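Architecture at a glance
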Amino acid sequence: MGLLISTCLLVILIRVPLSTAQEHKLEAKLAILTASQSHPLPFTLAQWQDPQNSGDYFFEVKMTEVGYLVWSQFPIKVYIQPYNQSDRLWIEPVIRAVQEWNYFLPLQVVDNFQTADIRIVPKVPPLQTTNFLRARSAQTRYQLYVNSSKPAAILSHYCTILLNPRQSSRYIQAAARHELGHALGIWGHSPEATDALYFSQVSDIVPISSRDINTLKRVYQQPTRLGWQVAANSQP
Ligand SMILES: [Zn+2]
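Residues numbered from 1 in each chain as written. Predicted model: local features only at pLDDT ≥ 70, side-chain atom pairs only at ≥ 80, totals over all residues. Heavy atoms only, no water.

For the protein, the count of helices and strands is six helices and eight strands. Secondary structure elements of the protein, listed N to C terminal, follow the sequence α-β-α-α-β-α-β-β-β-β-β-β-α-α. Counting over 236 residues, the protein shows a buried share of 48%. Just so you have it, the protein exposes about 11900 Å², and 53% of that area is on carbon and sulfur atoms. (Helix = DSSP H or I, 4+ residues; strand = E, 2+ residues; numbered from the N terminus. Buried < 20%, exposed > 50% of the residue type's maximum accessible area, 1.4 Å probe, protein only. Areas by Shrake-Rupley, 256 points an atom, 1.4 Å probe, with all protein chains shown as cover.)

Taken together, the protein donors to the zinc ion comprise H178 (NE2), H182 (NE2) and H189 (NE2), at separations of 2.0 to 2.1 Å. Between the donor residues of the zinc ion, the gaps in sequence give the motif H-x3-H-x6-H. When sorted by exposure, H182 lands in the same class as H189, which is buried. (Donors = N, O, S within 2.8 Å, 3.2 Å for Na, K, Ca; no water.)

Counting residues in hydrophobic clusters, the biggest one holds 50 residues, and the most contacted among them are W90, W101, I118, I120, L163 and L184. The dominant element in this core, judged by the number of residues it contributes, is helix 4 (residues 87-102), at six residues. (Core = buried A, V, L, I, M, F, W, Y, C linked by side-chain atoms within 4.5 Å.)

Below, the discussion takes up the pairing of strand 7 (residues 138-147). Among the 10 residues that make up strand 7, seven are buried, leaving the element largely enclosed by the rest of the structure. Relative to strand 8 (residues 154-163), strand 7 is paired through 10 bridges, and the arrangement is antiparallel. Residue V146 lies in a different strand from strand 8, and its bridge partner there is L155. Following strand 7, the chain reverses through six residues before pairing antiparallel with strand 8. (Pairing = 2+ DSSP bridges.)

One pass over the structure, following the stated rule, counts one cavity of 30 Å³ or more. A volume near 150 Å³ is recorded for the largest cavity. If you trace the largest cavity, you find 15 residues lining it, with H178, A196, S200, Q201 and V202 closest to the centre. Residue composition of the lining of the largest cavity, grouped by class: nine nonpolar, three polar and three charged. (1 Å grid on protein atoms, 1.4 Å probe; cavity = no way out; pocket = protein on both sides within 12 Å on 5 of 7 lines; lining within 4 Å. Points joined across faces, edges and corners; volume = space filled by probe spheres on them. Nonpolar A, V, L, I, M, F, W, Y, C, P; charged D, E, K, R; others polar.)

Taken as a whole, the largest pocket holds about 470 Å³ of empty space. Along its surface, the largest pocket is lined by 25 residues, and Q73, D117, N147, K150 and S156 are the ones closest to its centre. Looking at the lining of the largest pocket, the elements that each hand over two or more residues are strand 7 and strand 8. Top element by residues in the lining of the largest pocket is strand 8. It accounts for five residues. When grouped by side-chain class, the residues that make up the lining of the largest pocket number 11 nonpolar, 10 polar and four charged.

The terminal C-alpha atoms of helix 4 lie 22 Å apart, and with 16 residues this matches the ideal 22 Å at 1.5 Å per residue to within 8%. Within helix 4, the full set of buried residues consists of W90, I91, P93, V94, A97, V98 and W101. Elements that come into contact with the buried residues of helix 4 comprise strand 2 (76-80), strand 3 (107-110), strand 4 (118-122), strand 8, helix 5 (169-183) and helix 6 (210-219). (Expected span 1.5 Å × (residues − 1). Contact = heavy atoms within 4.5 Å.)

Moving on to the packing of helix 4 against helix 5. Put simply, helix 4 and helix 5 touch, their axes get as near as 8 Å, and they point 40° apart. Looking at the two axes, helix 4 sits oblique to helix 5. Crossing handedness for the pair helix 4 and helix 5: right-handed. Here L89, W90, P93, V94, R96, A97, V98, E100 and W101 of helix 4 come into contact with helix 5, specifically with S169, I172, Q173, A176, R177, L180 and G181. Residues of the contact of helix 4 with helix 5, tallied by class, amount to 10 nonpolar, three polar and three charged. (Axes fitted to C-alpha atoms, helices over the stretch in contact; angles between N-to-C directions. Parallel < 35°, antiparallel > 145°, perpendicular 65-115°, else oblique. Left-handed = near helix turned anticlockwise from the far one by under 90°.)

For the rest of this paragraph, the subject is the confidence of the model for the protein. For the protein, the average pLDDT comes to 84, and 79% of its residues sit at 70 or higher. For the stretch residues 1-12, pLDDT sits under 50, and the model shows 35 contacts to residues farther than four places along the chain or on other chains. (pLDDT = per-residue confidence, 0-100.)

Within helix 6, eight of the 10 residues are buried, leaving the element largely enclosed by the surrounding structure. Tucked inside the fold, the buried residues of helix 6 contact helix 3 (43-46) and helix 4.

What follows concerns the side chain of H182. Counting through the fold element by element, H182 comes out in helix 5. Looking at H182, the relative accessible area reads 0%, which means it is buried. Among the polar contacts listed, one links the side chain of H182 to the side chain of H178, at a separation of 3.1 Å. (Polar contact = N/O pair within 3.5 Å; in protein donor to acceptor, adjacent residues only side chain to side chain.)

Below you can see the structure in the form of structure tokens.
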């Protein structure tokens, strides 16, 4: 039973809560940002074709307060935090999941935690009590910030993925695949068990589907405030 619960993937999408002061500061900035615009479609998605017309589940993808969670600087830098015990059993399946998505959006595994866009941490997500107690093996969250290190201040985000490292390689890879889908912009779940972004982990683990990529492509065609310059007079 314990094993069953620990391998049951029930993922929630959370935004890191900001303090009230931070919220106000960010809202003030966002209020004077330029309008939401779409970015050029990344080449990898532009060339994606689905001759089967498998459809998508874009209607399940949620928009955030700054628009869709679209990356506009490539490659997207992914940091995988080491795990002490049997590290190879942790790192290798996560890297395989990164490689799977890399076919559709350019990703790069980096050594620097600080500059990474996506941070994958070997940690069991905290339990939360909702209607009943649920165990989760993975969780993705995003954090907004203004990147002032560039010539122009850019509204940016980074993602943190918490992933239970004490699972079989197969499940680590499946959970990493699913969570990376969220971190890359699919901020919602598929109702179909044949998609990697299905809301619940199933015993029959599936690869990234055409529907996953059709959905991702639609996300990257949407407007967002991420990746665009913050108005000059809104800088601190
Ligand atoms: Zn999920």
